[in-house]
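# Residue-level structure breakdown
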Amino acid sequence: ALTLGALSSMPFAPAVAQAGFKEGTDYFKLSQAVPTETAKGRIEVLEFFWYNCPHCNAFEPALSAWSKKLPKDVELRRVPVRFRETFEAQQRAYYVLEALGKVEELQSKMFAAIHVEKQTLEKQDALVVWAEKNGIPAAKFNELFNSFSVVSKARRAAQLQEQFKVEGVPALGIGGRFYVDGSLAGSMERALQITDFLVSEIRKGR
């Protein structure tokens, strides 16, 4: 994890203008490719995050702005990490939001509740209260939270974290082949530039 600046106010230089992105220094190529969940001809970008992480909170506005400008062949998918078992409740909460189609509406509100309002949202009961305040009935939240689909997605997220060898967040996985984070890139702004570069490399058949 890194100390990030006000990313949302920083300009994003075109990746094509960047020279000298080096494999093994600025980003890693995985020794074994990870299967993606996108359709043929599309490129998957994963964001590994944790709601309690202040750096993920700082990165969210920039990531959201970046995602709105993605080419049609690039798909962003968020992956909540599980460095400890206590992270699982927030993992499942994310997949509840996804199942309800409310990630775009409530992702930033979850971050704000934790980092601005200083709410402790680490257990199911506290997450249920937060969900109700944001228009999700408790019964529906609990049903999805405990569903096979959500539990399976949380388990798969933990597997992806291991396959990409994620050691800190936020971090990005590109095309099932590449990994970059702020420590490697120097900043998450530059990590997004590297991501754009790697997407273009994948298009070229790299």
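The structure under discussion appears in the preceding block.
So, on to the sheet that holds strand S2 (residues 43–49). An order of S1-S5-S4-S2-S3 is seen for the five strands of this open sheet, with the pairing classed as mixed. The sheet is open, and its two borders are formed by strand S1 (28–29) and strand S3 (74–80), each paired with just one other strand. In this sheet, strand S5 (residues 178–181) lies alongside S1 in antiparallel orientation, the contact comprising two bridges. Paired with Lys-29 across the two strands is Phe-178, which belongs to S5. In the packing of helix H6 (residues 148–163) onto the sheet, contacts are made with S2 and S3, and the angle to S3 comes to roughly 105°.

The contact between helix H2 (residues 88–99) and H6 brings their axes to 9 Å, and the two run at 120°. When the axes of H2 and H6 are compared, the pair comes out oblique. For the pair H2 and H6, the crossing hand works out as right-handed. Where H2 abuts H6, its residues Gln-91, Arg-92, Tyr-95, Val-96 and Glu-98 lie against Val-150, Val-151, Lys-153, Ala-154, Ala-157 and Ala-158. Class assignment of the residues belonging to the contact of H2 with H6 gives a composition of seven nonpolar, one polar and three charged.

Cut-off values and rules
- In this numbering scheme, every chain counts its residues from 1 along its sequence in written order.
- A pLDDT threshold of at least 70 governs which residues receive local features in this predicted model, and a stricter bar of 80 or more applies before side-chain atom pairs are shown or counted, although totals over entire chains, interfaces and linings include all residues.
- Water and hydrogen atoms were dropped before computing side-chain values, which therefore reflect all heavy atoms in the structure.
- Only strands that DSSP links by at least two bridges are regarded as paired with each other.
- Counting from the N terminus, the helices are the DSSP runs of H or I reaching at least four residues and the strands are the DSSP runs of E reaching at least two.
- Residue contacts are counted whenever heavy atoms from the two residues lie within 4.5 Å of one another.
- Comment: axis = line fitted to C-alpha atoms, over the contacting stretch for helices; angle = value between 0 and 180 degrees taken between N-to-C directions.
- Comment on the angle field: the value is read as roughly parallel under 35 degrees, roughly antiparallel over 145, roughly perpendicular from 65 to 115, and oblique elsewhere.
- In this scheme the handedness of a crossing depends on how the near helix is turned from the far one: anticlockwise by less than a right angle means left-handed, clockwise means right-handed.
- Note on residue classes: Ala, Val, Leu, Ile, Met, Phe, Trp, Tyr, Cys and Pro are nonpolar, Asp, Glu, Lys and Arg are charged, and everything else, Gly too, is polar.

Shape descriptors only; they carry no functional weight alone.
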